Structures are given as C-alpha cells and as structure tokens.
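Summary of structural features
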Amino acid sequence: MFLVLTYHKVLRGPDAESGFYTIQADNLERQLELLAQGGFRALAPEELLDSRPQTNQAYMLCFDDGTADHYEVVLPLLARRGCRAVFFAPTSKLDRAGYLVSKQVSELSRAGQTIGLHSHEHRRLDWLGEEDIRVQMQLSHRIVRDLTGAPPVFFAPPGGYFNLRIRNIALESGIRVIRTMLWGYNQIPDLAALQCIPVNRHLTDEEFRRVLKFRRQSALFAAKEITKKIIPSKVYESLRTSVVGRLRRK
C-alpha cells in the first residue's frame, strides 16, 4: 500500500484555527512521527518515476496552493526530518501577498523538493474547454521550468476536479504523475490518477492512526465526491464546512 498525504496551509499559532484545510505545524510534525512509528517510509517523489517503485508501506507528501508557509514553515520542518515532498503552486499567484515568491520556488527546488503543476490561475479545469485547459497547463509549465531548470512531471488538478480530457492533455504535455483528490489508498499505484488522503484541521490523531491501518473510506467520503461534482465550488465548500462542524459537535 502507498499513501499520498495532501496538505494545504501549515501555520504556527492561532491563525491555524481558520480554514478547513489549514493545520498547525505541530500537527504535521506529530503525523510524521506517527508515520515513522508505524514503519512507513518517506518516498522521494522521483522514486515514483522508476519502472518498479518500492511503494509498499510508503508515503509521499504533497502541499497544495503555493502559500508562503510552505517555504517559511514546511521547508524547515521537512529539512529537519530529511523528507522530500511535491509542492503544487498555481503560478499566477506567485509573488502575491501570502503566496510563494518566485525566488522561493527556485530555492525549494534547489533544496531537493519537487515543484509540480497546479495550473496557472487555479481555475476549475473540468468546466473549461480544451484550449483553455491547454493554456492553463502551458503557462504553468513554462514558469515552473524557468524557475527550477527542469520540466515539471507532477500535476494536481485544482480543487481535485478531474476528468479524462484533463488527464489526456496533462499526459500529452509531458506530465508523468497526476495526483487527484480522490480519497483512498494506492495498492497498485496508477500514476495517471493517484488517490490521496486530504488532511484537514478536523483530523484527530486517532483518525490518522486509522488511516495508517488502511481502513477503507466511509460512505461519507463517497457522498462527498458525488456532491463535489454536481454543485458549484463555493456552495460545496460552505456545505462541507457546515456538515463537518455538525458532525464534530455530536
């Protein structure tokens, strides 16, 4: 089995209390410790490109959306543990307040971290036409290549919105690994549609331990994926926060 763990903002202090996917840095460190205690091996992203990657009892880390904390908080934390990850940054947001600056992307790459495509404008790709999808991919591809010195081969569709057309365009552009937001484990990794465990601030240590025991996803996650596909993104996000909040109060 092969776990892909997907994170978003990782902050220190009270700011980490806001945002569904925003977690405390202490939580990330504790989860990495639980992985080590469980005998899981940190898989370097490029190992997936081998013809026969050793993915048994292994995990890979992903950090989405290119926020400034990925350089300021996450990079030092990973460096202390000798971990490597994939950072998916929407390139139109680089150099904006709260996001990575271009120099930091280059430094992440030089530090041995992998920079993956997350489109240019972080738009929902499954609602775009083929030409617009290609433009989003091409712009992001060029910027990442210029900043890292190598063409990107990892891709995560923004918001996890994914279909066959997006997959084919990504693979045609030279992408070799596509990480989706489908909740699940990778028994035999499909590099064109990796499943992942999206980590959010409501995930308790006990629930994380259940993940490490490869407990199957619940009907709640299956229903979530169906709902996500049929309603607008903003409505889905509001509904998700409301439902999770109610479940936690029970």
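Refer to the structure printed above.
Reference entry: report on the structure contained in this document. The residue count restarts for each chain, going from 1 along the sequence in the order it is written. Where totals are concerned, whole chains, interfaces and linings use all residues; where local detail is concerned, this predicted model gives features only for residues with pLDDT of at least 70, and gives and counts side-chain atom pairs only at 80 or more. Hydrogens and water molecules were not included; the side-chain quantities draw on all heavy atoms of the structure.

It is worth spelling out unusual backbone geometry at this point. Most of the time, phi is negative for any residue but glycine, and the peptide bond is trans. One non-glycine residue with positive phi stands out, namely Asp 95, at about 75°. Here Asp 95 lies in the loop between strand E6 (85-89) and helix H3 (102-110). Its identity as a non-glycine residue notwithstanding, Phe 214 has a phi of 60°, on the positive side. Here a helix means four or more residues in a row that DSSP labels H or I, a strand means two or more in a row labelled E, and each is numbered from the N terminus.

Attention now goes to the side chain of Thr 67. Residue placement: Thr 67 occurs in the loop between strand E5 (58-64) and helix H2 (69-81). As used in this structure description, the phrase polar contact means that two N or O atoms lie within 3.5 Å; if the pair is within protein, one of them must be able to donate a hydrogen and the other to accept it, and residues adjacent in sequence are counted only when both atoms belong to side chains. Within the local environment of Thr 67, its side chain forms a polar contact with the side chain of Asp 69, the two groups lying 2.7 Å apart. For this analysis, residues touch if any pair of their heavy atoms sits within 4.5 Å. The contact partners of Thr 67, leaving out residues within four places of it in the chain, are Lys 9, Gly 98, Tyr 99 and Leu 100.

Our focus in this paragraph is the pattern of salt bridges. When a carboxyl oxygen of Asp or Glu lies within 4 Å of a side-chain nitrogen of Lys or Arg, that pair is called a salt bridge. Applying the stated criterion across every chain, the model contains 13 salt bridges. Linking Arg 81 and Glu 33 is a salt bridge whose minimum nitrogen-to-oxygen distance equals 3.3 Å. Of this pair, Arg 81 sits in helix H2 while Glu 33 sits in helix H1 (residues 25-37), and the two are 48 residues apart along the sequence. One salt bridge in this structure joins Glu 46 and Arg 84, with 2.6 Å as the shortest N-O distance.

Looking now at the packing of aromatic side chains. Only Phe, Tyr and Trp rings take part, Trp by its six-membered ring, and two of them pair if their centres are within 6.5 Å. Stacked means planes under 30 degrees apart, edge-to-face means over 60, and tilted covers everything else. Here the structure, examined in full by the defined rule, presents 6 aromatic pairs. Ring centres of Phe 40 and Phe 214 lie 5.8 Å apart, and the angle between their planes is 45°; this geometry places the pair in the tilted category. Of the two residues, Phe 40 sits in the loop between H1 and strand E4 (41-42) while Phe 214 sits in the loop between helix H6 (205-212) and helix H7 (219-230), which places them 174 residues apart along the sequence. Taking the centre distance of 5.2 Å and the plane angle of 20° together, the rings of Phe 63 and Phe 87 count as stacked.

Attention shifts here to the environment of Val 4. By the secondary structure assignment, Val 4 is in strand E1 (residues 2-7). Separated by 194 residues in sequence, Val 4 and Pro 198 have C-alpha atoms that sit 8.5 Å apart. Beyond its immediate stretch of four places on either side in the chain, Val 4 contacts Met 60, Cys 62, Arg 179, Asn 186, Leu 194, Gln 195, Cys 196 and Ile 197.

Bringing the pairing of strand E9 (residues 177-183) into the picture now. Of all 7 residues in E9, 6 are buried, a share of seventy percent or more. Paired strands, as defined in this entry, are two strands with at least two bridges between them according to DSSP. Note: strand E8 (residues 154-155) against E9, 2 bridges, orientation parallel. Among the inter-strand pairings, Phe 154 is bridged to a residue of E9, identified as Val 177. Between the parallel pair E8 and E9, the chain is carried across by helix H5 (residues 164-172), and the sense of this crossover is right-handed. Taken together, the 2 bridges between E9 and strand E10 (residues 194-198) define a ladder with parallel strand orientation. Across the sheet, the residue bridging to Arg 179 is Leu 194, located in E10. Think of it in three bands: with a 1.4 Å probe and only protein chains considered, a residue is buried below 20% of the maximum accessible area for its type, exposed above 50%, and partly exposed in between. The path from the first strand over the helix to the second decides the hand: if it runs clockwise while the strands point away from the viewer, the crossover is right-handed.

Within H5, the full set of buried residues consists of Ile 166, Ile 169 and Ala 170. Looking down the long axis of H5, one finds its buried residues gathered within 100° of arc, a one-sided arrangement. Within H5, the exposed residues directed more than 90 degrees away from the buried face are Leu 164 and Glu 172. Contacts made by the buried residues of H5 are with helix H4 (130-148), E8 and E9. Between a side-chain oxygen at the N-terminus of H5 and the backbone nitrogen of Arg 165 the separation is 3.2 Å; the capping residue is Asn 163. Looking one or two residues beyond H5, the residue adopting positive phi is Gly 174, at roughly 105°. What the arc describes is the spread of directions from the helix axis to the C-beta atoms.

One less than the number of residues in a helix, times 1.5 Å, gives the span that helix is expected to have. With 19 residues, H4 should cover 27 Å at 1.5 Å per step; its first-to-last C-alpha distance of 27 Å lies within 8% of that length. Among the residues making up H4, those that are buried are Ile 133, Gln 136, Met 137, Ser 140, His 141, Ile 143 and Val 144. Along its buried surface, H4 packs onto strand E7 (114-117), E8 and H5. Following H4 by one or two positions, Gly 149 has its phi on the positive side, about 85°.

Ranked by internal contacts, the top residues of the largest apolar core, which has 50 residues, are Leu 3 and Phe 63. In this structure Leu 3 touches Leu 35, Phe 40, Ala 58, Tyr 59, Met 60, Tyr 185, Ile 197, Val 211, Leu 212 and Phe 214, once residues within four positions along its chain are discounted. Core analysis: the second largest hydrophobic core is formed by 17 residues, Tyr 21, Leu 43, Met 60 and Phe 154 among them. Here, the term nonpolar core denotes a set of buried Ala, Val, Leu, Ile, Met, Phe, Trp, Tyr and Cys residues that are joined through side-chain atoms within 4.5 Å.

Let us now look at the pairing of E10. The buried count for E10 comes to 4 of 5 residues, which makes it a mostly enclosed element. Sheet topology places E1 next to E10; 2 bridges connect them, and they run parallel. Across the sheet, Thr 6 pairs through a bridge with Pro 198, a residue of E10.

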